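# Structural characterization, general
Next come the chains, spelled out residue by residue.
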Amino acid sequence: MSKENSSKRRSKIGRWIAFILVVLLLGGYGLYTLRINVSSEKPRVIEGYELWQDDVVDVARDIGVQDGGRIKPFSTWAGFTMLQLHGARGMKIEAEAEGEVVKISPEEFMLDCLFRSDMARKLPIFRIDNSEVISSLATGDLPEEVQRLSGIDNASKNEVIREVVKDKGRRDRYSYAELEPIKPILLARVQKIRKEQPNKAKMTSEQRDTVDLGDKIWLFSGLIYHMDFARADIEIQEGTPAMDKERMKRMSYWVRSFPLLRKAVLEMQPKGEQLPPGIMTLFSDLERRMTRASQDIRFLPPYAEDSEEWLPVGKRIEQVLTGKRAHAEALISDMEMMEDTCLALRDEGQSAFSKQLAAWKKSVHDRMEPKVVGQLGSEVAYGKWNYFYRALVIFIFAFVFVMISWLAPRSKGGRICTGFAALLAVAALGLMIAGITHRSIIMERSPIGNLYDTILFIGATGVLVLLLVELLSKRAVALGLAVFMGMACMFLARRYEIGDAKDHMDPLVAVLKSNFWLSTHVVTVTIGYMGGLAAAGLSTIYLFARVLGIDEGDKNFRRAMTRIAYGMVCFTLFFSLIGTVLGGIWANDSWGRFWGWDPKENGALMIVLWCLVVLHARMAGYLREWGIHVAAVFGANIVAFSWWHVNSLSTGLHSYGFIDGLGIIWGFYGLLTAVCLMGMICALLERRGKAKAKTNSKATEN
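As a starting point, this report considers the structure included with it.

Rules and cut-offs
- Residues numbered from 1 in each chain as written.
- Predicted model: local features only at pLDDT ≥ 70, side-chain atom pairs only at ≥ 80, totals over all residues.
- Heavy atoms only, no water.
- Helix = DSSP H or I, 4+ residues; strand = E, 2+ residues; numbered from the N terminus.
- Buried < 20%, exposed > 50% of the residue type's maximum accessible area, 1.4 Å probe, protein only.
- Contact = heavy atoms within 4.5 Å.
- Pairing = 2+ DSSP bridges.
- Axes fitted to C-alpha atoms, helices over the stretch in contact; angles between N-to-C directions.
- Salt bridge = Lys/Arg side-chain N within 4 Å of Asp/Glu carboxyl O.

### A look at the environment of Leu431
- Within the secondary structure, Leu431 is located in helix α21 (residues 412-443).
- Given a relative accessible area of 15%, Leu431 falls into the buried group.
- In the structure, Leu431 is positioned 41 residues away from Arg390 in sequence and 7.6 Å away in space, judged by C-alpha atoms.
- When residues no more than four places from it in sequence are discounted, the contact partners of Leu431 are Tyr387, Arg390, Ala391 and Ile394.

### Examining the sheet that holds strand β4 (residues 91-95)
- Strand order in the open sheet made by the three strands is β1-β4-β5, with mixed pairing throughout. One side of each edge strand has no neighbouring strand; the edge strands of this open sheet are β1 (44-46) and β5 (100-104). Across the sheet, the mean angle separating the axes of adjacent strands is 45° when strand polarity is ignored.
- As paired elements, β1 and β4 share three bridges and run parallel to each other. Opposite Val45, over in β4, you have Glu94 as the bridge partner.

### Here we look at helix α4 (residues 106-115)
- Among the 10 residues that make up α4, 10 are buried, leaving the element largely enclosed by the rest of the structure.
- Among all positions in α4, only Pro106, Glu107, Glu108, Phe109, Met110, Leu111, Asp112, Cys113, Leu114 and Phe115 are buried.

### A closer look at the pattern of salt bridges
- Summed over the entire model, instances satisfying the criterion amount to 38 salt bridges.
- Across the pair Asp129 and Arg127 runs a salt bridge, and its minimum N-O distance is 3.0 Å.
- Put simply, Arg289 and Asp285 hold a salt bridge, and the shortest N to O gap is 2.9 Å. One end of the pair, Arg289, and the other, Asp285, are both in helix α15 (residues 277-292), four residues apart, so they sit about a helical turn from each other. You'll find Arg289 and Asp285 in the same group, each marked buried.
- It is possible to trace a salt-bridge network through shared partners that takes in Asp67, Arg70, Lys72, Glu379, Asp503 and Asp506.

Below is the structure:
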């Protein structure tokens, strides 16, 4: 067999090996993701569940809600709340009335919580990965106050707990109705854990799971009880004087009548008269409804000439009852509108409810600035477009074409697959740019303000730069890396958003509120991160191509790849250095010092120093082809440390980026370190082989 045929055969085998390695890597990650996020439980049958009509959901989507320091549409608030409670923006159930499996959207879920709490209680909203979180509640005694209020004593506690976990798997879904019996026990345990260990990062995994479950139940109970003031009739005791029994069943009636009621009570008490039982029961009922409506759910904008922020209904009622009567009629009008909406659903059905909900929304929007109302609609459109999920799907298809083209790059089919991959990559990039731009318009700031934003920006700029490199090199290598980088960033963004369960368009912390510095320092440093990752990706391809013989010993390919990798290291140094200096100027302006050895600052400096080491070693001849690529791959570890790892250290002034969990980052370190070791071992073996061949050649000549 000729040397050329042997090289081609080795290249073909190497391509198949690379293909299998990539499939195993992505398949393993996919299975890991499925294991975490997918439950094998069959959809729960919900007795009496009626699907929401499309017109109701459409009306609800852009109702304004103040949450996280900004006014956002109902759909966004519902989506992140459901994500926080359920771990997903959707829930499959079997609706008994429909007789089929349906998926409940976040808007439908939130409508259930607020207006059909009896249905919301039955939904399997809580995922418990380890049933020991519930079983462990049996240990320890309940405080006496909890026993008194809940009616559960230490003797009956274990039986209550066993009943809850009966017929449940170790990893299962629970409804609020199923967990409600142990709610007092769980919340008492959460209070005890927090008292013993205030720092959540130092809690055991079981303690964190217990605290998380308690927080979710507390949040969910606040949702389902919030509208009690509007949807439930107030009981009028026998013997209570009644002028209008129907109006007296509404809380708005008693808020309006409170001055007269208060006056009557004050007149009775100086005479030593005891308040009638009916009045005491009424006061207790009103107080309970007001307390429940005081949960931090803000549907009511400030009234005319009112400088205060949006407040929960219960807080507004409390203000009015304690003497701030200036806005009493406006509040009562809002309450009546909300009561009419709830009663329309109860008494007349969804069509009437839709009309009342639209009227309520209009009354609220009329008190808001037109610009803010327009932003609500824009954000709803942003959610419908789902730019980054669509980009992910397109990148996956593009990567399939790239993988196929790898196996036969010179064939007609391979060239066609490469063309399709390029077109899909451009389409996905367009979606990413459109999504980032739309986010910036909604947020009215630079595209980068938090860790989630950096993922999107690194993905978009990485794909753009690599496609430009492909346009110049025309070797399909940069194209493949562009598709992989886009896909990886979209996967990471989606995973981080689900895990963090926070709205990353919420206002920034005060120290970051500077569009100038966000648009200069932060953007520049992030482009530097992208350059370092792209250089590592190109060098990884080079190392595998050379180790597996995919490059067929093509020296032109090797030189071209080395020049590109070297150029990307220079690119990284340029943007990282400028970004670091700009960051120091911003720090001096904000904190009064240019440099403070903050972990984030140290990480940026490490990138600059490493790039300088690589470039100087290259110029001095210490790093040649193998060396420059191994160094570029290792540089990605430093980039990952600066970009991601330092945010988990819980120290430094860059506290706006703190995260929990480092499983993925340690895996990233391990993978790239293994690639570096592979490259160094192969370089040494190749050098020894060349030295041995040279020695043998001289011996033959002699």
